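Residue-level structure breakdown
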Amino acid sequence: MRSTIGVLGLLAVLMLAACGTPAGGPATSATAAPAATTALAPATAMPSPVGGNAPADTLRWSLEGVSDLSSIDPAKPGDAPTITAINLIFAGLIRLDEKLEVQPDGASGWQVSADGTTYSFTIRDGLAFADGTPVTAGDFVYAINRALAPETASYGAPFQLGHIIGAQDVVDGKAKQASGVRAVDDKTLEIKLDGPLAYFLSQLSYPFTFVVPKKLVDSGVKWEEQSYGTGPYRVKEWKHGQALTLIANEKYWRGKPGIPNITLVFNKDSETAYQLYQTGELDIMGSQQNPVPAAHIAELQSLPDFKSAASLATRFIGFNNLKPPFDNVDVRRAFALAVDKKALSDQVLAGQVVAADRILPAGLLGTQLPISGLALDPAAAKAALAQAGFADGKGLPEITLAYGQEGDNETVAQAIQSMWEQNLGVKVKLQSFELATFSKNLDTTFKTPAQGLQFWLSIWGADYPDPQNFLSQQLHSDTANNNGHFADPQFDKLVDEADRLGDRAQIERRLQLYNQAEQIAIDKVGWLPLYYPKFNILLRPRVSGLAVTPNGLVAPDWTKVTLK
Amino acid sequence: MLRFFTRRGISMVFVLFSLTFLTFMIGHLAPGDPILVLMGPRQDTETYAHLRHLYGLDQPLLTQYINYVALLVRGDFGLSFSYEGRTVRELIAQGLPISFGVGGLALLVSLIVGVPLGMFAALRDGTLADRGLVALALGLYSIPSFVLIPLIWMANLAIFRAGYPNLPQAGWGTPSHIVLPVLVLAAANVGYITQLTRASMLEVLRDDYVRTARAKGLLERTVIVRHVLRNALLPLITLLGPTTAFLVTGAFVVEVLFNIPGIGRIAVEAVGRRDYPVIQGTTVILGIAVVIMNLISDLLYHVFDPRIQLTE
Amino acid sequence: MAQQILNLETIENTVRDERHAPGFFRRLARSRTALVSLTFIIAIMLAALIGPLIYGVDPTHTDFTSINAPPSLAHPFGTDRLGHDTLARLFAALRVSLLVAAVVETINILVGAPLGLLAGYFGGGIDILISRLADMFFAFPGLLLAILVAAVFGQAVTEQYGSTARLVLVAGSLSLVGWPLMARYVRGQVLSLRERDFVLAARAIGQSQRGILQRHILPNVAGLVITAATLDVVNAIVGEATLSLLGLGIQAPATSIGKMIVEATPFLAQNPFLVFVPSITLTLLVLAFSFLGDGMRRAFDPTGR
């Protein structure tokens, strides 16, 4: 008896201690002079300890969701944290600036042929790898062919670079070089496509075509551990399972980067990363895939560390169009009309996302043209269900919503599940999977629809800021990303035509076509868009020169990024 | 003695092989294709075939197992499925010393704290102090680490905000990074070491030979040191094996939340990614560790009390 | 695992007593802590069974206007991040956790006890076979086997057979590492019983093997088995909580004590109540089962220690 009371007492003490600590809100700086100025501001930033663990020459950047990177080879970029690392070490022909527009990088300029199929890039004067070796057009040829080569086993390059003439031959092992890629001379790179692609330049911002030093790759299996390229930084040390340390590239073509060192810290758990940020052990935390945990947003919103931008991603529900019950468009419509997106984003997710009524994320090229989405309408939803022959949900097979274990998916799935029950009268089951297994299941759904999922919660973030990436690449009946085999001939026709309109003067028409296609996809429920996540991160005020864009943290110019 | 070692040796080898067999079979008979998992959403048949061949998955199951074991005895654990180009051996070599270090330290701390507490409780059996200690021990044990860790984080954060030097919330590299994880692991351990010491001391204290010693008029302190302690601490030795296992392997929650690149974290992540070579490798290594520790504790037991026969 | 080690010591004390001791319940009743624990456990079980009927709130009902709310008249324990009533969730979670624990112990007993019995009584080849089998599972580090099985087979099982099957799978995977210990205890007990006078006497008068097993051995082993199972419940509940941490346990929208804790922990700063309600429940359950098991252990020992 007394022992039990003893334990209760202990727990009570712990409880009081926990409740008593002010959790969040403006933290007063109890530290000495250097922080005095911040103590006067109404909402002070999270204090960095005086002389403590905030090194003046190192930026500590957290990569969440991974405990290590499996590879930083630009030819096969894996997940988002890997791409963050790759973008610091390697670079390609062009880059995206803070407005997500194409800017020259390795190429100082380029020309496009009249028919839009041939691109001529001029390699920048004085461009060199971090070890001083000059970069030539031949190096880019090497990099592109390497990305396509079967030995490299890059899962995405063959797909994205597939329109380059001769690329498929390299992928199939029939050739060592793509005939469409050649170095006219040391300073000129020529790429020929099989047809005009409006978004080709945009695509080049993705790492596949980033240039890598051949002698580095040839140096052995462990070349990545000491890798360097034409990016602002190079690898200093890779402590597997802990952190990747980078040091400034003295030979960077723009000049010496403003911060001497960057440490990319691996944090599998976002909560851990958040805790580390709070005690001053990190300068940057949060990313698109793994933002600041929603649980803490309320306490952080007023702080200058908290940065938020709409991200170019759409969270949606995908449907298997070749398996009952979602092979019936009315059933899909019924489910779409029964979701209260406003409640989901405002209440369940505490306003941390933007409710979606269309497929293209807010702010993407093409969203200037309007769309009419499927707004919440329980009566219409029920009617649609009845129209499909399942009045009041009778006769429906057992329905399961699949989702991957990441972020707030479980909460979202549960919320929507209860919406369907309340608004549509249908009880849906939930099934969660580890991310890797979830990807595999999507693949099964694509290859053998009868054995695949019925519908699933998923997200698509822009590879490059173009509507093609969301429409043609996701919902064209022929594309490999169309896991649910959504097929509408009119949609296909519209996007096919739009994809080919490479001429800048035709941009209006191009966007018009995409707009019409998008409307079809909405009406026929190719996707059920839910919301656009906001890109919530914590960025310490001492870091200046980084811009928060929907595509992530972008440095317009690394030579101007500094630590105060 | 030799017979003991021989029989033990055979039994150890058997256990280890059956471990590999069990994991191997679970891994390869499981639903799902690890290559597809590895490749993610973007796939093509050529790369698939290539990878499948690279990992030897295109051969019959039994052949694969035999090949695996043949390499295993030579110390080659194979390639990891999810970390490209890295061998299982190197992953284990990275993580094992770290987990052992943290676990070993936690064991030490929990012994240093738990044994005296248990002794104190036993000597004060029945009093409020005793009951309080028992309750505290059980209480600490029953709080799961994933509840304890956020509480510790809050406390650490409060210390930081108050301006005092604080410990790192997570990470690895400096001596100060070891403190919190060891604290959490030791907390769970202290509970039952206290209990165990107390229980075993209580028994011994009531035993005849102790009463005899007291009747002989020996000082209480002599009684305790010379007679009680030696016998009371014996059960702790039997703990050595299983405790090592618990600390090293059950520590994965601590490793994940505190960002420690130890073998527990590697093993659990491997399960999530269906990285079977890593799963098999870590299971074997951890199995070896457990078996060796069991052997050592049995030997120590025999050394301390020769009456106790070495059983097979 | 840790608690199991504790039990090794306490169980070995139990092994000293061979006779099916009369007055067991009387001795049990003498220990106040054990009685209180037993009462508590029965009360919790009743609450889990009847509570929802009396309280009447649906644990899966979501109220988006009242998220993460502190306790109020409408919601005595507050709500969680989806607007579920915490008290209703607690009842549901208790049901699941206790059920999982029950299934785990049932499997442990049904598998471990007979195997230990056979190994101990018949010895020889059977003993070696069973002991090796037990060693194989026992050598598996910690919860790793449970995690592996739950991860690998979890989704296939749920897809094909539903969420009840999932629960059984979770319980099954936890008992994979539990039954060897049970078998070992039973084997040890049977080994010592086998040489006792009353067994030798029974054999001398020609009683059948089965008769001996049933009439003499089994009753004396029963006490040990039940005590071990009671003490192991703690491992089962915490084990399920750990599986939930990795997303391998009970799946949404069902919940367990462990899952409630895991889901609430990120909100510790905002809504501490949400964390402490299931945590305290868990702690109390652990204490109750520990004290009860300890009391049972003592009650078996006629010297009353």
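For the structure given in this document, a descriptive report is provided here. (Residues numbered from 1 in each chain as written. Chains lettered and ligands numbered in written order. Predicted model: local features only at pLDDT ≥ 70, side-chain atom pairs only at ≥ 80, totals over all residues.)

1. Considering the overall build of chain B
Across its full length, chain B holds 14 helices and 0 strands. Going residue by residue from the N terminus, the α and β elements of chain B occur as α-α-α-α-α-α-α-α-α-α-α-α-α-α. For chain B, with 312 residues in total, the buried portion stands at 46%. Long-range contacts, defined as pairs at least 24 residues apart, comprise 73% of the intrachain contacts of chain B with a sequence gap of at least 6. (Helix = DSSP H or I, 4+ residues; strand = E, 2+ residues; numbered from the N terminus. Buried ≥ 20, exposed ≤ 12 C-beta atoms within 10 Å, placed from the backbone. Contact = placed C-beta atoms within 7 Å.)

2. Concerning the sheet that holds strand β6 (residues 181–185) of chain A
All names here are of chain A. Taking strand neighbours across the sheet as the criterion, the 4 strands line up as β4-β5-β7-β6 in an open arrangement whose pairing is antiparallel. The sheet terminates laterally at β4 (107–112) and β6, the two strands that pair on one side only. Between one strand and the next, the sheet's axes are offset by a mean angle of 25 degrees, whatever the strand orientation. Across 4 bridges, β6 lies against strand β7 (residues 188–192) in antiparallel orientation. Within the sheet, the bridge partner assigned to Asp185 lies in β7 and is Thr188. Against the sheet, helix α4 (residues 137–148) engages β5 (118–123), β6 and β7, with an angle of about 175 degrees to β6. (Pairing = 2+ DSSP bridges. Axes fitted to C-alpha atoms, helices over the stretch in contact; angles between N-to-C directions.)

3. With respect to unusual backbone geometry
All names here are of chain A. In this structure, Pro325 follows Pro324 across a cis peptide bond, with omega equal to 0 degrees. Mapped onto the fold, Pro325 is located in the loop between β13 (313–319) and α11 (329–337). A positive phi is found at Asp392, a non-glycine position, where the angle reads about 60 degrees. With respect to the element layout, Asp392 can be found in the loop between α13 (378–387) and β15 (400–404).

4. Thoughts on the nonpolar core
For soluble globular proteins, the rule of thumb is that nonpolar side chains tend to be buried together. Ranked by internal contacts, the top residues of the largest apolar core, which has 320 residues, are A:Ile89, A:Leu148, C:Ala146, C:Ile147, C:Met182, C:Val186 and C:Ile237. Among the elements that make up this core, the one with the highest residue count is helix α4 (residues 86–122) of chain C (18 residues). With near-sequence residues (within four places) excluded, C:Val186 lies in contact with C:Gly112, C:Ala113, C:Gly116, C:Leu117, C:Gly120, C:Val221, C:Leu224 and C:Val225. (Core = buried A, V, L, I, M, F, W, Y, C linked by C-beta atoms within 7 Å.)

5. Focus: helix α5 (residues 88–123) of chain B
With 36 residues, α5(B) extends 50 Å from end C-alpha to end C-alpha; this agrees with the ideal 52 Å at 1.5 Å per step. Along α5(B), the largest kink reaches about 25 degrees and is centred on B:Gly95; proline B:Pro97 follows within four residues of it. (Expected span 1.5 Å × (residues − 1). Bend = angle between axes of the 7 residues up to and from the residue.)

Keep in mind these values describe shape, not function.
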